[in-house]
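# Inside the fold
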Amino acid sequence: MSGKGRIPALVAVLALLLLPLAGNASAASGPSVALSKSQAGTGGSITVSGGGWRPHALLMVLICGQATPSRGVIGGTNSCANADGRAVTTDAKGGFSRKLPVAEPPVPCPCVVHVATVTGAKADADATLKVAGHPVRPLPAESSGGTLSVLSDTRLAGSSGLLTWFGAPPSRTLVLTVGNVGTSDIKDPVFQVGAAHGVFAPQWDEQQWRGTLAPGKRAQIKLPVELAAGAHGDYTVSLKYGGKVLAEQPWGVGRPWGVTLFWLLLCVVVPAALFRAGMAVVDRIRPRRAGGGRRRGPRRLPPALRLPRSRPAPEPPAPTSTLPWFTPDSHPGEAGRLSAPHDDSPTSPTAPTSPVTPTSPTTPTWKGPT
């Protein structure tokens, strides 16, 4: 092979060897954002593309005011046109492309297109954008002197009580240690504490810490955090100072099952009360007896369903003698009535009674039962 043929071959081999290194260098440089237009007016749209992001990451794309790529978004997401933002998911290589409508942010420019991750590790990138027709004002001067830095992991102290189980606002205390890495004292710093739920931006609440932090000194900061009543789910508590987020802490809030139990009991008690009230009304308007009182005895069955009453058996007739050897005249019960009249008075107790003589010689004499 001639010398002229070896040179292109060596260049091709070197290009193949340096290509992976170039890809790693671009990935190591961090996420990036590029715009199809550097200037656009309200009502138009631009295409936002980027690379170097985490694969399959959910990103939020916003137009923000009072921001530059070097200083970031000073006012946070409150300085952005949140209603016109767009969400996008990166591909397997960490790239994305999304069309974004141009809208005026709530604060003056300079403006940027701000791209930040929604879940997982925090990462963001900005690209300068001029919004035609929107006012422009200079950024506030940077504060020189003391600078705070977080020296320990943040944590949420406290626990939920019984009232929180019934929908009371959950509350915790954000605890962290900060140090002054600047050259001047920091007196009574004002922090911003916010809690974000899902893809929604946090609502910042300013809280002032009383004290003076000298250069090179550290202090433990405790700031209260409170959510809305009935809040539940996954929240992220953020701490911001001087326009920069210093720390973030996840917070999983349990569901207030007491509220659910209350509604279940209400769904059972109210129908039961209505049923009892209805039965009371029916009892009042029910027809009354002829005597004036309500019939409270057992319900009488219709005549067709009544059982026949049991009647007592008739008494058997008195037994009569049917013996063949007795004649009607010689019946024991009628013997005294058929005999001749005689005096039964007790005035003659000694008088002998005459025996009854048979009417015929052939009739046997009655001797009574044997």
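Reading the values: the criteria
Residues numbered from 1 in each chain as written. Predicted model: local features only at pLDDT ≥ 70, side-chain atom pairs only at ≥ 80, totals over all residues. Heavy atoms only, no water. Disulfide = S-S within 2.5 Å. Helix = DSSP H or I, 4+ residues; strand = E, 2+ residues; numbered from the N terminus. Buried < 20%, exposed > 50% of the residue type's maximum accessible area, 1.4 Å probe, protein only. Lys, Arg positive; Asp, Glu negative; His and termini not counted. Salt bridge = Lys/Arg side-chain N within 4 Å of Asp/Glu carboxyl O.

## As for the state of the cysteines
What we call a disulfide is simply a covalent bond connecting the sulfur atoms of a pair of cysteines. The tally for this structure, following the rule as stated, stands at 2 disulfides. One disulfide in the model links Cys-64 with Cys-80; its S-S distance is 1.8 Å. Measuring the twist about the S-S bond at about 95°, one finds the Cys-64-Cys-80 disulfide to be right-handed. Placement of Cys-64 in strand 4 (residues 58-65) and of Cys-80 in the loop between strand 6 (72-73) and strand 7 (86-89) is noted, with a sequence separation of 16 residues between them. Cys-64 gets classed as buried once you look at its relative accessible area, which sits at 0%. When its relative accessible area of 5% is taken as the criterion, Cys-80 is described as buried. The disulfide partner of Cys-109 is Cys-111, and the S-S distance across this bridge is 1.8 Å. For the disulfide bridge between Cys-109 and Cys-111, the dihedral angle about the S-S bond is near -85°, and by the sign convention the bridge is left-handed. Comparing Cys-109 with Cys-111 shows no difference in burial state: the two are buried. Here the disulfide map of the protein reads 1-2, 3-4, the bonded cysteines being numbered as they appear in the sequence.

## Focus on the side chain of Lys-240
Turning to its location among the elements, Lys-240 is positioned in strand 19 (residues 233-241). As a buried residue without a salt bridge, Lys-240 has its nearest oppositely charged side chain in Glu-206, at a separation of 8.9 Å.

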